[in-house]
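Working through the structure, step by step
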Amino acid sequence: MPGLEVENLHVRIENKKILHGITLNVEYGSIHAIMGPNGSGKSSLAYTIMGRESYEVEEGDIRLDGESLLDLPTEERALKGIYMALQDPPQVPGVRLSTLMIAAINKKLGNLDLTRVKDPSIVKKMYKYAEELNLSRDILQREINVGFSGGEKKRSELLQALVLEPKVIILDEPDSGLDIDGVKKVANILKELKAEGKAIMLITHYARMFKYVTPDIVTVIIDGKIAVQGGPEVANLVEEKGYAYIRQRFFKR
Amino acid sequence: MAEQAVRIREDILKGADSPDLLGWLDKPYKAEIELRGKITRSLVEEISRIKKEPDWMRRLRLRSLELFYKLPMPKWIVGIEEIDLDVLSHYVKPEAQTTDEWQDLPEQMRRYYEKLGLPELEAKFLAGLVAVYDSETVYARMKEYLRRKGVIVLPLEEAVQKYPDLVKKYFLRVFPPSDHKFAALHGALWSGGTFIYVPPGVKVREPIESFFLIGRQGEGQFEHSLIVADEGSYVHWIEGCSAPRFVGYSFHNGMVEAYAHRNATVKITTIQNWSRNVINFNNKRGIAEEGARVDWVEGSIGSRMTYVYPSTILKGDNSSTRSVVVTLSKGPYLKDSGSKVIHVGANTKSKIVNKSISAEGGVNVYRGIVRIVRGAKNANAHVECDSLILDGKSKAHTFPHNQVDEPTASVSHEAKTGRLSEQQLFYLTSRGLTDDEAKSLIVLGFLDEIMTELPIEYANVLHRVIQLEFSELGAVG
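This report concerns the structure included in the present document. What you are looking at is a predicted structure, and each value in this text was computed from that prediction instead of being measured. (Residues numbered from 1 in each chain as written. Chains lettered and ligands numbered in written order. Predicted model: local features only at pLDDT ≥ 70, side-chain atom pairs only at ≥ 80, totals over all residues. Heavy atoms only, no water.)

Our focus in this paragraph is the nonpolar core. Grouped burial of nonpolar side chains is what soluble globular proteins tend to show. Leu45, Leu159 and Val220 of chain A are the most contacted members of the largest nonpolar core, which has 120 residues in total. Top contributing element to this core by residue count: helix α12 (residues 435-451) of chain B, with 9 residues. Counting 44 residues, the second-largest nonpolar core is a separate cluster that includes Phe212, Ile352, Tyr366 and Ala379 of chain B. (Core = buried A, V, L, I, M, F, W, Y, C linked by side-chain atoms within 4.5 Å. Buried < 20%, exposed > 50% of the residue type's maximum accessible area, 1.4 Å probe, protein only. Helix = DSSP H or I, 4+ residues; strand = E, 2+ residues; numbered from the N terminus.)

Right, dumping it as structure tokens:
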């Protein structure tokens, strides 16, 4: 059961090279944490996996269940079961959060009219998970991220992951801007998702979340390269010594 | 029931372009009379003679022609140089007599309307229907209960003969031909159209529809609709426009005049989906007397270029208007629109909502006017202009103009421009939607508040037409 595989990935945006040969696996039923300082290429890795425009793969491969995704547009990668919770998701005026989720589900089921609710259980599901995330039901009727607080944005991203039921979940800094209760909440949900067999890629700058959920693998990316890969002890090392130390220790000058 | 109406409407809007209908329209329907060429006095006289018009109408046409010669070409109109008025067919009488029975229409023509679903729509949802083919009305009928109440729904030509005094009172008086060159041209060449008169106190619950079809290329269509609502009455008139796709362009220069007497309400809804080679020019104006209301809803989807400015003169105290214009320019097309309101009476109220969507190089221009004359005490005007631009190639321009000469009046204006960003598009596609599906969600969301105010059938139709426009199948033009 391979899950998501990234192999020797080299990526550039226009003339700037941002990833230099990243190799890692995110297996089903596991949490793979990606750590690194700001601007190290963590989010770029996530965007490249999602196939975002202007992230140009020069070399290497991205595979889901052994099948390369490189030729697929973003929406087809999503339909194959990859979901990304953005660090700072954009506002989408005019489109309600529920409308997006309904459209995404209809699309997955092959229903032509994307805006119609065919199965009312979808609505129940949205309510259930909103409640679980301490989100008021009203948020479903609000325009996506318009006037959302930082915490609401994070939780709305997670809500979509729960409702859309992807196979692979990439979370880009899901804990930033959350209070300690919020961090615990997210951590608990990640545990549940792991138990359900999802492959989880958790991008984070700080190790504070690992008090509540232990990653199976930790990869530290610095300057677009893997500095170190290992178990939870790598996160502890980052926490104790900081990225400057990691850089010095693992990268030869 | 609403669902069915939606389906029929949708067929009408999209169907006029379908290949099996175009089959026989490759050869345009036979014309009994076709007048083309230079716009001269004798051409205008000839149209008047064919229609056996009374002298006052003939003189009105000639006076309009003189104005057409004198008035300057409006400078702000883009693309007008493409119209060579001297080569158009200015009057095309199809080989058919006006009838109130579908079965009396020539078979080919009847089949065309049947394919479009008009007879079914009429039977189920309309109080009356007038169908104009090229330059003449070929079908006009209203439901019996309206006749008993004294409502008049007729081809305008017939009304000129039967009710000259009534027509004379309003015709080209709400919208004088001296206003601009195209209004004058319309006054000289007008042909086909609808006359509706609703007597005092009568409320027409179901809408009355006029359906205009341009059946050939190189045609000028100059239909005229005159809607008069007497004191305390109510009428909702719907305009549907369609044209199959031809190689050459056609020119549409229609006029709508509406008059709402004391405490009357006139609602006018237009869904325009002309094919991509129609140059669409409209002259639309209503007058509201004391306590009266004139409302416009304009959904402008098709055509190559459209110029449309629903206008209302709030003449009487406490009169009001609401004008909602939605324009979509997807592809290398232009929509130049904008509502105009002149507040004359005291305590008059107006609301203008303009929403434009530009995609794939489309251009939308808003050119609205709010004028509050001195003495229009406590007049209140509110203008909302929202533009949505879906990509870097497309444009929206807003030229609002307010002129307020009354100190107690209040005018507010809100303008917003939203541009779809790569980030937004990525976000939506990362949830499994294609670019076009994402855009259609954004467009529908953008129109959401307007949709809730439209009659449900029309909201649904607009909804579906937009979804189609943004699907691979729906590519028009």
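The interface of chain B with chain A comprises 21 residues on the first partner and 35 residues on the second. At the boundary of chain B with chain A, total buried surface from both sides reaches about 2,300 Å², with 61% on carbon and sulfur atoms. Looking only at chain B, the three residues that lose the most surface to chain A are Phe426, Tyr427 and Arg431 of chain B, adding up to 32% of its buried area. The tally of links from chain B across to chain A stands at 4 salt bridges. Residues Glu157 of chain A and Arg431 of chain B are paired through a salt bridge, measuring 2.8 Å at the closest nitrogen-oxygen approach. Here chain B is connected to chain A by 11 residue pairs in polar contact (both at pLDDT 80 or more). Breaking the side of chain B that touches chain A down by element, the ones donating at least two residues are α11 (422-429), α12 and α13 (456-469) of chain B. Split by residue class, the side of chain B that touches chain A holds 7 nonpolar, 9 polar and 5 charged. (Contact = heavy atoms within 4.5 Å. Buried area = accessible area lost by both parts, 1.4 Å probe. Salt bridge = Lys/Arg side-chain N within 4 Å of Asp/Glu carboxyl O. Polar contact = N/O pair within 3.5 Å; in protein donor to acceptor, adjacent residues only side chain to side chain. Nonpolar A, V, L, I, M, F, W, Y, C, P; charged D, E, K, R; others polar.)

Turning our eyes to something else, we now look at the sheet that holds strand β9 (residues 168-172) of chain A. Residues and elements named next belong to chain A. The mixed open sheet is built from 6 strands, whose spatial order is β6-β9-β10-β3-β11-β12. Two strands bound the open sheet, and with one partner strand each, they are β6 (82-85) and β12 (225-230). If you compare each strand with its neighbour and ignore which way they point, the axes differ by 20° on average. In this sheet, β9 lies alongside β6 in parallel orientation, the contact comprising 4 bridges. Bridged to Ile82 within β9 is Val168. With respect to the sheet, helix α6 (residues 180-195) is in contact with β3 (30-35), β9 and β10 (199-204), its orientation differing from that of β10 by roughly 150°. Where helix α7 (residues 232-250) meets the sheet, it contacts β3, β10, β11 (217-222) and β12, and its direction lies at approximately 20° from that of β11. (Pairing = 2+ DSSP bridges. Axes fitted to C-alpha atoms, helices over the stretch in contact; angles between N-to-C directions.)

A few words now on the pattern of salt bridges. Residues and elements named next belong to chain B. Applying the stated criterion to the full structure yields 47 salt bridges over all chains. For Glu120, the salt bridge goes to Lys124, with nearest N and O atoms at 3.2 Å. Of the two residues, Glu120 and Lys124 both sit in helix α6 (residues 118-125), 4 residues apart, roughly one turn of that helix. For Glu120, a relative accessible area of 31% translates into the label partly exposed. Using a relative accessible area of 36% as the deciding quantity, one classes Lys124 as partly exposed. Salt bridges sharing common partners tie together Arg41, Glu45, Asp55, Arg58 and Arg59.

Moving on: a positive patch on the surface. There is a patch of like positive charges on the surface, built from Arg148, Lys149, Lys203 and Arg205 of chain B. Inspection of the secondary structure puts Lys149 of chain B in the loop between α7 (144-148) and β5 (152-155). (Patch = residues over 30% accessible without salt bridge, like charges linked within 9 Å, V, L, I, M, F, W, Y side chains within 5 Å. Areas by Shrake-Rupley, 256 points an atom, 1.4 Å probe, with all protein chains shown as cover. Lys, Arg positive; Asp, Glu negative; His and termini not counted. Charge placed at Lys NZ, Arg CZ, Asp CG, Glu CD.)

Put simply, side chains in a regular strand alternate between the two faces of the sheet. All names here are of chain A. Across the 6 residues that make up β3, a large majority, 6, are buried. Burial along β3 is two-sided: the residues Ser30, His32 and Ile34 and Ile31, Ala33 and Met35 are all buried. Where β3 and β10 come together, 6 bridges link them in parallel fashion. Note that in β10 the partner of His32 across the bridge is Met201. Relative to β11, β3 is paired through 4 bridges, and the arrangement is parallel. Residue pairing for β11: Ala33 is matched across the bridge by Val218.

On to α7 of chain A. Residue and element names in this part refer to chain A. With 19 residues, α7 extends just 17 Å between its outermost C-alpha atoms, more than 12% less than the 27 Å of an ideal straight helix rising 1.5 Å per residue. Remark: the principal bend of α7, roughly 110°, maps to Gly242. Along α7, the residues that are buried comprise Val234, Ala235, Leu237, Val238, Tyr243 and Ile246. Its buried side turned inward, α7 meets β3, β10, β11 and β12. (Expected span 1.5 Å × (residues − 1). Bend = angle between axes of the 7 residues up to and from the residue.)

Residues and elements named next belong to chain A. Spatially, 4 strands are ordered β2-β1-β4-β5 in an open sheet, and the strand pairing comes out antiparallel. Among the strands making up the open sheet, the edge pair consists of β2 (16-26) and β5 (67-68). Pairing of strand β1 (residues 4-13) with β2 involves 8 bridges; the strand directions are antiparallel. Within the sheet, the bridge partner assigned to Val6 lies in β2 and is Leu24.

Further remarks concern the packing of helix α4 (residues 121-132) of chain A against helix α5 (residues 150-164) of chain A. All names here are of chain A. Across the interface, α4 lies against α5 with an axial gap of 10 Å and an inter-helix angle of 135°. Taken as axis vectors, α4 and α5 run oblique relative to one another. Viewed along their axes, α4 and α5 form a crossing whose handedness is right-handed. Here Lys125, Met126, Tyr129 and Ala130 of α4 lie close against α5, whose contacting residues are Leu159, Leu162 and Val163. (Parallel < 35°, antiparallel > 145°, perpendicular 65-115°, else oblique. Left-handed = near helix turned anticlockwise from the far one by under 90°.)

This next bit is on the environment of Ser358 of chain B. All names here are of chain B. Assignment of secondary structure puts Ser358 in strand β20 (residues 349-359). Along the chain, Ser358 and Ile372 lie 14 residues apart, while their C-alpha atoms are 31 Å from each other. Here Ser358 is in contact with Ser329, Val363, Asn364, Leu388, Ile389, Leu390, Ser394, Lys395 and Ala396, once residues within four sequence places are set aside. Within the structure, Ser358 has its side chain in polar contact with the backbone oxygen of Lys395 (distance 2.8 Å).

Don't take any of this as a statement about function, it's just geometry.
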